[in-house]
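Understanding the architecture of this molecule
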Amino acid sequence: MINFLDLKKINAQYRTEIVDAMTRVLDSGWYIMGTELAKFEKAFSQYCGVKHCIGVANGLDALVLVLRAWKEMGLVKNGDEVIVPSNTYIASILAITENGLKPVLVEPDENTFNISTENIIKNISDKTKVILPVHLYGLACPMAEINEIAKKHNLLVLEDCAQAHGAEINGKKVGSWGNAAGFSFYPGKNLGALGDGGAITTDDDELATTLMALRNYGSHIKYENKYIGVNSRLDELQAAILNIKLNYLEQENCKRRAIADQYLAGISNISVILPTIPEDPLTHTWHLFVIKATDRTKLQEFLSIKNDIQTLIHYPIPPHKQSAYVQYKDLNLPISEKLHNQVLSLPMDPTLSSEKILKIIEKINSFN
Ligand SMILES: *Cc1c(COP(=O)(O)O)cnc(C)c1O
């Protein structure tokens, strides 16, 4: 069996260091908002090239809290519109509706899977306040263009970096392009904890201060509450594990890139459309290697049943067709609907051997 992702194997590489870190936290007697979190926030802000990193409980909260903070700061109000890609993971959209804001679902570029800048422009109204680009599957969005649009229309930019830790544009990391960015450290992400975790990055001092209160009951000073906040903190155990795994992120992203290169060079079945190779200056961290196949169901079954190769679909149902969002079911989003019917994610795991990748390539090439 070739697994889609073997988290046990990935984390076993760092077992000794992780166990040491967990023991250190256990023995410290301090489990929330301590030195491990402070160390991680400093390291991750430096890695991303920003002034502030604020650890939170998960990636969804990271996005929710930035929008919430902008409301507290008077920059966004109930009913304002947020432009978001129509083919993203549901969390990007949940963060918007959770805040009483209106998601404006914008179609992606069919080749890159990322939000189309032309479609962003077409969807700007006088209610638009935020653009929420998602670096989907690990490919950086054209942030220079997006920032230019935002500047022209006086909009805020919130990057969803949950799938793209370490991706760059012109050597500048995602998470440092927008007014703020949300990251997830869900175990399966390129930088994954051993549980839930998330972070916000920003250069904005006022936003950072607001967020540090919001994540901690709305309190800057113990027992004094400025906001109706939440409890959304990155705990010491997860922060300690992330402090170790951050050291290996570049190396793991390199391995992902090598696997992607092997797939791109090897897959030659004409019924399969390969992901577009990122165009300079955008880079791809290959969180997922997503192909398109018109005969997706047959191909997926051929790989799993006949050949023991596990593939996944990201995502089978577009957000506007989810029962949670019936009000959007009649939106005309043909590109998203087509993509949701065709996308298939091949195994992508930094510990996969090149022999296994070769086998996957061979099997795909033999499918007809
Ligand atoms: C994983 C993910 C999130 C949410 O992160 P969690 O930590 O699971 O809450 C948000 N946006 C995108 C694009 C994601 O892939």
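Residues numbered from 1 in each chain as written. Predicted model: local features only at pLDDT ≥ 70, side-chain atom pairs only at ≥ 80, totals over all residues. Heavy atoms only, no water.

Within an unreviewed UniProt entry, the label attached to the protein reads UDP-4-amino-4-deoxy-L-arabinose--oxoglutarate aminotransferase, and the organism entered is Buttiauxella ferragutiae ATCC 51602. Among the UniProt annotations of the protein, the heading Sequence similarities (unreviewed entry) holds the following wording: "Belongs to the DegT/DnrJ/EryC1 family." (UniProt positions renumbered as here; feature names shortened; annotations may be inferred.)

Take the sheet that holds strand β12 (residues 343-346) next. Across the sheet, which stays open at both edges, the three strands sit in the order β10-β11-β12 with antiparallel pairing between neighbours. Both edges of this open sheet fall to β10 (272-273) and β12, since each of them pairs with a single strand only. Alignment of β10 against strand β11 (residues 289-293), held across two bridges, turns out to be antiparallel. Bridge pairing in β11 links Val-272 to Ala-293. (Pairing = 2+ DSSP bridges. Helix = DSSP H or I, 4+ residues; strand = E, 2+ residues; numbered from the N terminus.)

Let us now look at helix α11 (residues 296-306). Three- or four-residue spacings in an α-helix give side chains the same orientation, since the helix completes a turn every 3.6 residues. Of all the residues in α11, the buried ones are Arg-296, Leu-299, Phe-302 and Leu-303. Take α11 and look down its axis: the buried residues cluster within an arc of 135°, on one side only. Facing away from the buried surface of α11 by more than 90 degrees, the exposed residues are Thr-297, Ile-305 and Lys-306. Buried residues along α11 sit against β10, β11, α12 (334-342), β12 and α13 (354-366). Positioned one or two residues after α11, Asp-308 has a phi angle of 60°, which is positive. (Buried < 20%, exposed > 50% of the residue type's maximum accessible area, 1.4 Å probe, protein only. Arc of directions from axis to C-beta. Contact = heavy atoms within 4.5 Å.)

This brings us to the sheet that holds strand β2 (residues 81-85). Whenever strands of a sheet pair, they do so through backbone hydrogen bonds, lying parallel or antiparallel. The strand order across the open sheet formed by seven strands is β1-β9-β8-β5-β4-β2-β3, and the pairing between neighbours is mixed. The outermost strands of the open sheet, each flanked by one partner alone, are β1 (52-56) and β3 (102-106). Taking each pair of neighbouring strands and ignoring which way they run, the sheet shows an average axis angle of 25°. Bridging between β2 and strand β4 (residues 128-131) involves three bridges; their strand directions are parallel. (Axes fitted to C-alpha atoms, helices over the stretch in contact; angles between N-to-C directions.)

Side chains of Met-22, Leu-194 and Leu-237 sit close together on the surface and give an oily, nonpolar patch of about 210 Å² of accessible area. Structurally, Met-22 is set in helix α2 (residues 15-28). (Patch = residues over 30% accessible without salt bridge, like charges linked within 9 Å, V, L, I, M, F, W, Y side chains within 5 Å. Areas by Shrake-Rupley, 256 points an atom, 1.4 Å probe, with all protein chains shown as cover. Salt bridge = Lys/Arg side-chain N within 4 Å of Asp/Glu carboxyl O.)

Take the side chain of Thr-202 next. Its location among the elements puts Thr-202 in strand β9 (residues 198-202). When its relative accessible area of 1% is taken as the criterion, Thr-202 is described as buried. In this view, Thr-202 contacts Val-50, Lys-51, His-52, Ile-54, Asn-179, Ala-180, Leu-207 and Ala-208; residues no more than four positions away in its chain are not counted.

A word on the state of the cysteines. Using the criterion set out here, one finds zero disulfides in the structure. Here Cys-161 stays free of any disulfide, with the sulfur of Cys-48 as its closest cysteine sulfur at 7.2 Å. Overall, Cys-161 belongs to the buried group, its relative accessible area being 0%. As a non-bridged cysteine, Cys-254 has Cys-48 as the owner of its nearest cysteine sulfur, 17 Å distant. Judged by its relative accessible area of 48%, Cys-254 is partly exposed. (Disulfide = S-S within 2.5 Å.)

Moving on: the side chain of His-340. Position of His-340 relative to the elements: it lies in helix α12. According to the relative accessible area criterion, His-340 is buried, its value standing at 3%. Sequence-distant contacts of His-340, that is, excluding residues within four places in its chain, are made with Ser-86, Asn-87, Arg-296, Tyr-315, Pro-316, Ile-317, Pro-318 and Pro-319.

Core analysis: the biggest nonpolar cluster contains 43 residues, and Leu-67, Trp-70, Val-130, Leu-158, Ile-200 and Leu-211 have the highest contact counts within it. Put simply, the parts of the chain that give this core at least two residues each are β1, α4 (59-72), β2, α5 (90-98), β5 (156-160) and α8 (205-214). The residues touching Leu-67, leaving out its near neighbours within four places in the chain, are Ala-95, Ile-96, Asn-99, Leu-101, Val-130 and Leu-158. Core analysis: the next-biggest nonpolar cluster, separate from the first, contains 41 residues, Ala-150, Ala-164, Ala-239 and Leu-282 among them. (Core = buried A, V, L, I, M, F, W, Y, C linked by side-chain atoms within 4.5 Å.)

Following Asp-280, the chain continues to Pro-281 via a peptide bond in cis, the omega torsion being 5°. Its place among the elements puts Pro-281 in the loop between β10 and β11. Of note, the amide linkage connecting His-314 to Tyr-315 takes the cis form, showing an omega dihedral of 15°. Looking at the secondary structure, you find Tyr-315 in the loop between α11 and α12. Positive phi, close to 55°, is recorded for Asn-170, a residue that is not glycine.

Turning our attention to the pattern of salt bridges. Applying the stated criterion to the full structure yields 11 salt bridges. Note that Lys-129 and Asp-80 form a salt bridge whose closest N and O atoms lie 3.3 Å from each other. Within this pair, whereas Lys-129 is found in strand β4, its partner Asp-80 is found in the loop between α4 and β2, the two being separated by 49 residues in sequence. According to the relative accessible area criterion, Asp-80 is buried, its value standing at 3%. Between Lys-173 and Glu-250 there is a salt bridge; the shortest N-O distance is 3.8 Å. Here Lys-173, found in strand β7 (residues 172-173), pairs with Glu-250, found in helix α10 (residues 249-266); they are 77 residues apart in sequence, far enough to count as distant. Linked by salt bridges that have partners in common, Lys-77, Asp-80 and Lys-129 make up one network.

Attention shifts here to the pairing of β5. Of all five residues in β5, five are buried, a share of seventy percent or more. Burial of the side chains of β5 extends over both faces: Leu-156, Leu-158 and Asp-160 are buried on one face and Val-157 and Glu-159 on the other. Of the pairings in the sheet, the one linking β4 to β5 comprises two bridges and is parallel in character. When the sheet's bridge partners are listed, Ile-131 is paired in β5 with Val-157. Note on the crossover from β4 through helix α7 (residues 143-153) to β5: the handedness is right-handed. Pairing analysis gives three bridges linking β5 to strand β8 (residues 180-184), with the strands arranged parallel. Note on β8: the bridge partner recorded for Glu-159 is Ala-181. (Right-handed = clockwise from strand over helix to strand, strands pointing away.)

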